[in-house]
Every structure is written in structure tokens, then in C-alpha cells.
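# Residue-level structural notes
Residues per chain, in single letters:
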Amino acid sequence: MELEIIDDGSYSRNSTDNKYSYKNVYDDKSDYPSKIGVFLKDDIGEVINSVIIINYGFSSGLPGSWMTVGDILFVLVGNRLYRVKLPELTVLTSSVADDSATFEIFKVDNRIVVHGEQEITCFDLDGNKLWSFTGEDIFVSVEGSNPIEIMDKYIKLIDFNNRRYVIDLDGKLISSSG
């Protein structure tokens, strides 16, 4: 089985002119939605199940914005982390990971760490929020360097003002500079 994740920004609720059709729709009825399509394909590439998840905020659908752990798909849509059961593609949980946008997802031990625009947030594998960390500005680097780097025992962060942070895996600040 293969997963394909796409940003389906042209999807319109209740339209017959959508490029893709979905067996399941999970929609939070947001006014400014991200629309991420998930397709489960068999060994010859035929779609056997699909869902579109619609939520407020920015999403990309790019590699790095989703991962599987066992039979669970973790996918970032807008400002939330979704847990989706495979192969059914049913949404199990939806948790706010940032106030505005999410970019990347990482598995650290038995936890999920989300790189959001304003927050770095950690969840357990059941989707429960364990902690979040905010800096002085958004976690986007203006100089093109990676704003988050996961190490064995800590996380390195860079914010928009090039301020650098090191936090432990429990979200506690170890150091900051800049």
C-alpha cells in the first residue's frame, strides 16, 4: 500500500467540478481553509480509499508535513495535527499545534514534535499535547538556514530575528542567544 498526500487548494465544498473526488471529507468549516488530500493506493496504484481534511491555516502537503507510525498517519493541516487510522482513513484526533500554521513533523522517541510558525509543540502518540515552546518571534529563518534541528537530547531553534534557542526534549529552555 502507498500513501499520496497532496495540497488540494482548488477543492470546493459541494462542487461537482473538483479535480479529485474523496470517499471521506473531514471539514471544520473554516473560512480560510487548508485542504489536504490523502489517497491510499494498492500495489498497482489504484486508489482504494481517500479523505480530504479541511482546516484553518496554512499547509503544504509536502514531505515532512506527514508521517506514519504503525497504522496511524500523522498529518499537519492548517494549524492542527491530525491522527488518521490506516487503512480506513478515519480521523481519530485533531489537536491544535500552532495558532496559525504548521510546517514539519518529527518523531522523537515515542513523541511527535511539530514545527509551527509560532510554536514548537510536542504530542504523545495518542495526540495529547505534552508541551509547547514559543520564542521571541516566529520560527522561520530569514537567512535560509533550517529553523529547527532535532538532536539526540535537545532541539535547536532559530527565529525570524536570528535568535537561537536550545530546548530539551521536555520543552524547557536550556539556552538562548542573539
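Okay, so let's go over this structure. For clarity, every value in this text was computed on a predicted model and none was experimentally measured.

The subject of this paragraph is the pairing of strand E11 (residues 119-124). Burial of E11 is extensive: 6 of the 6 residues sit out of reach of the surface. Of the two faces of E11, the one carrying Glu119, Thr121 and Phe123 and the one carrying Ile120, Cys122 and Asp124 are both buried. Once strand E10 (residues 111-116) ends, the chain turns through 2 residues before running back antiparallel as E11. With 5 bridges joining them, E11 and strand E12 (residues 129-134) adopt antiparallel strand pairing. Pairing of threonine 121 across the sheet is with serine 132, part of E12. Adjacent in sequence and paired antiparallel, E11 and E12 are bridged by 4 residues, among which glycine 127 carries a positive phi angle near 90°.

Here the focus is the sheet that holds E11. Strands pair in a sheet through their backbones, by hydrogen bonds, and they do so in one of two ways: parallel or antiparallel. As summarised here, the arrangement of the 4 strands in space is E9-E10-E11-E12, forming an open sheet in which the pairing is antiparallel. Either end of the sheet is taken by a strand with one partner, and the two such strands are strand E9 (102-108) and E12. Averaged over all adjacent pairs, the angle separating strand axes in this sheet is 20°, with direction ignored. Strand direction decides the pairing type here: E9 and E10, joined by 6 bridges, are antiparallel. Along E10, the bridge assignment pairs valine 108 with arginine 111.

Turning next to the pairing of strand E15 (residues 164-168). Sheet topology places strand E14 (residues 154-158) next to E15; 5 bridges connect them, and they run antiparallel. Across the sheet, residue tyrosine 154 finds its bridge partner in E15, namely aspartate 168. Linking E14 back to E15 in an antiparallel pair, the connection comprises 5 residues, with asparagine 162 at a positive phi of about 65°. Relative to strand E16 (residues 173-177), E15 is paired through 4 bridges, and the arrangement is antiparallel.

Thresholds applied
Residues numbered from 1 in each chain as written. Predicted model: local features only at pLDDT ≥ 70, side-chain atom pairs only at ≥ 80, totals over all residues. Heavy atoms only, no water. Buried < 20%, exposed > 50% of the residue type's maximum accessible area, 1.4 Å probe, protein only. Helix = DSSP H or I, 4+ residues; strand = E, 2+ residues; numbered from the N terminus. Pairing = 2+ DSSP bridges. Axes fitted to C-alpha atoms, helices over the stretch in contact; angles between N-to-C directions.

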